[in-house]
Amino acid sequence: MNLKLRLTILSFLQFFVWGAWLITIGVYWFGTKHWSGEEFGKVFATLGIASIIMPALTGIIADRWMNAEKLFGILHILYGITLFFLPSISTPQNFFWIMLIAMMFYMPTISLSNSIAYYILKNNNYDVVKVFPPIRVWGTIGFIAAMWITNLTGNKDSGNQFYIAATFAIILGVYAFTLPKCPPQNLISENATWSEKLGFNAFSLFKDYKMALFFLFSMFLGAALQLTNMYGDTFLSDFGKIPEYADSFVVKRSTLIMSISQISETLFILAIPFFLKKYGIKNVMLLSMFAWVLRFAFFAYGGPQGAGLGLIILSCVVYGMAFDFFNISGSLFVETTTDYKIRSSAQGLFMMMTNGVGAIIGSLASGWMIQKYFTLENGDKMWHEIWLSFAAYALIITILFAFMFKHKHDPEVVADLTH
């Protein structure tokens, strides 16, 4: 089997074992277990907690003591074993702790999978810039495939979604041991302080007003990034409580509808170089923020039929712009404005603020808010008001960013980075 195909399988399974439950866990939580929104927010916060703690630690292990492919394999096997316990959990508190352990094992594998692919491709004289993106796209395809399998097998409200993910995670873990060896690179100096090893030296960037502002807005937007993953499928499934919509395609195949978001994501990636060169990094970030406003607003007025269905589909389409444009343009902003000595740490800080701190705040705050203000006595959610409040939040962030964040567009710098 050639190397590109082997890495494609790696990328496919890496996100398959996440997509099997990430979008549908809300249906299981609210529809099957009937647990509270506040507790659900805590469970989703485990993604952020793990994103802050684990990648730097596993990075040090892979850099100093263990082959990256072996560490990757061990983490996936442990992730799979942990997931097997989730369907038998009977309290939301215990579910939180088991999911936290699972995320501690899974979240660092995202960056590890990239590192493994980069090392193997470079070591075999492949052009990484040219060859890696088509391989990484299969990760999104894997995520979509898992969503479809979970839905089409009738498991979007079942604990079996965790068994599906667990089984393939263990298969991926074993498969990782067959990959070419990725030995420790010892890139970090032995004399480096623990602060430097963990990337904490990048926090000095907060002394710069512009960078501090950027990271602050990254955190605020990061709070919005997981909201539709948390609640989107549950929102569509809840239309089934209305008798005339109970057997509609939107209700029965809600996960398939939500997968349009991931399909859109793969397409908008291709459009990023054009938008960056024409409009610049700040304007692309603004487009992303406004796309989040539309994402939530379209859901607020969406429905299972006619124009309402059109709005739901449009919401899924704009998700690609909302998600990709900020993550990639934000990463390019860090790349072009930080010193090369701390650039990797600065990229880690950007991810920490969005997927770590921002995700934790967004998960906990949304769970508390929905439970306190937008849940009826019978447990039903006030979805129209929920999505409008999210849209208002995104709109405030967009307006503040437009006026407060100053960045001059340099087409030549952007052109060099996007080639």
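Above this text sits the structure in question.
Our subject in this report is the structure included herewith.

Parameters at a glance
Residues numbered from 1 in each chain as written. Predicted model: local features only at pLDDT ≥ 70, side-chain atom pairs only at ≥ 80, totals over all residues. Heavy atoms only, no water. Helix = DSSP H or I, 4+ residues; strand = E, 2+ residues; numbered from the N terminus. Expected span 1.5 Å × (residues − 1). Buried < 20%, exposed > 50% of the residue type's maximum accessible area, 1.4 Å probe, protein only. Patch = residues over 30% accessible without salt bridge, like charges linked within 9 Å, V, L, I, M, F, W, Y side chains within 5 Å. Areas by Shrake-Rupley, 256 points an atom, 1.4 Å probe, with all protein chains shown as cover. Salt bridge = Lys/Arg side-chain N within 4 Å of Asp/Glu carboxyl O. Polar contact = N/O pair within 3.5 Å; in protein donor to acceptor, adjacent residues only side chain to side chain. Contact = heavy atoms within 4.5 Å. Phe/Tyr/Trp six-rings, centres within 6.5 Å; stacked < 30°, edge-to-face > 60°. Axes fitted to C-alpha atoms, helices over the stretch in contact; angles between N-to-C directions. Parallel < 35°, antiparallel > 145°, perpendicular 65-115°, else oblique. Left-handed = near helix turned anticlockwise from the far one by under 90°. Nonpolar A, V, L, I, M, F, W, Y, C, P; charged D, E, K, R; others polar.

Considering helix α7 (residues 160–176)
Argument step 1. The terminal C-alpha atoms of α7, which comprises 17 residues, lie 24 Å apart, in line with the 24 Å expected from a rise of 1.5 Å per residue.
Argument step 2. Turning to α7, its buried residues are Q161, F162, I164, A165, A166, A169, L172, G173, Y175 and A176.

What to know about a nonpolar patch on the surface
Argument step 1. On the surface, Y209, F290, L395, I396, I399, L400, F403 and M404 cluster together into a nonpolar patch covering about 810 Å² of accessible area.
Argument step 2. The dominant element in the nonpolar patch, judged by the number of residues it contributes, is helix α16 (residues 383–404), at six residues.
Argument step 3. By secondary structure assignment, the location of Y209 is in helix α9 (residues 209–225).
Argument step 4. With relative accessibility at 59%, the residue Y209 sits in the exposed group.

Some words on the side chain of S315
Argument step 1. Counting through the fold element by element, S315 comes out in helix α14 (residues 306–337).
Argument step 2. In this structure the side chain of S315 is engaged in a polar contact, spanning 2.7 Å, whose partner is the backbone oxygen of R295.
Argument step 3. Not counting residues within four places of it along the chain, the set of residues in contact with S315 comprises R295, F298 and F299.

A few points about the packing of aromatic side chains
Argument step 1. Taken as a whole, this structure holds 49 aromatic pairs when the rule is applied.
Argument step 2. Ring centres of W35 and F95 lie 5.9 Å apart, and the angle between their planes is 70 degrees; this geometry places the pair in the edge-to-face category. With W35 in the loop between α2 (25–33) and α3 (37–64) and F95 in helix α5 (residues 92–123), the pair connects residues that are 60 residues apart, well separated along the chain.
Argument step 3. Since its relative accessible area comes to 13%, W35 is described here as buried.
Argument step 4. Since its relative accessible area comes to 0%, F95 is described here as buried.
Argument step 5. Summarising the aromatic geometry, the rings of F401 and F405 are spaced 4.8 Å apart at their centres and angled 15 degrees between planes, so their arrangement reads as stacked. The same class applies to F401 and to F405, which are both buried.

Observations regarding the packing of helix α13 (residues 281–300) against α16
Argument step 1. Running from amino to carboxyl end, α13 crosses α16 at an angle of 165 degrees, the nearest separation of the two axes being 7 Å. Taken as axis vectors, α13 and α16 run roughly antiparallel relative to one another. Where α13 crosses over α16, the two elements pack in a sense that is left-handed. Across the interface between the two elements, K282, M285, L286, M289, F290, W292, V293, F296, A297, F299 and A300 from α13 touch H384, W387, L388, F390, A391, A394, L395, I397, T398, F401 and A402 from α16.
Argument step 2. Considering only residue class, the contact of α13 with α16 consists of 19 nonpolar, two polar and one charged.

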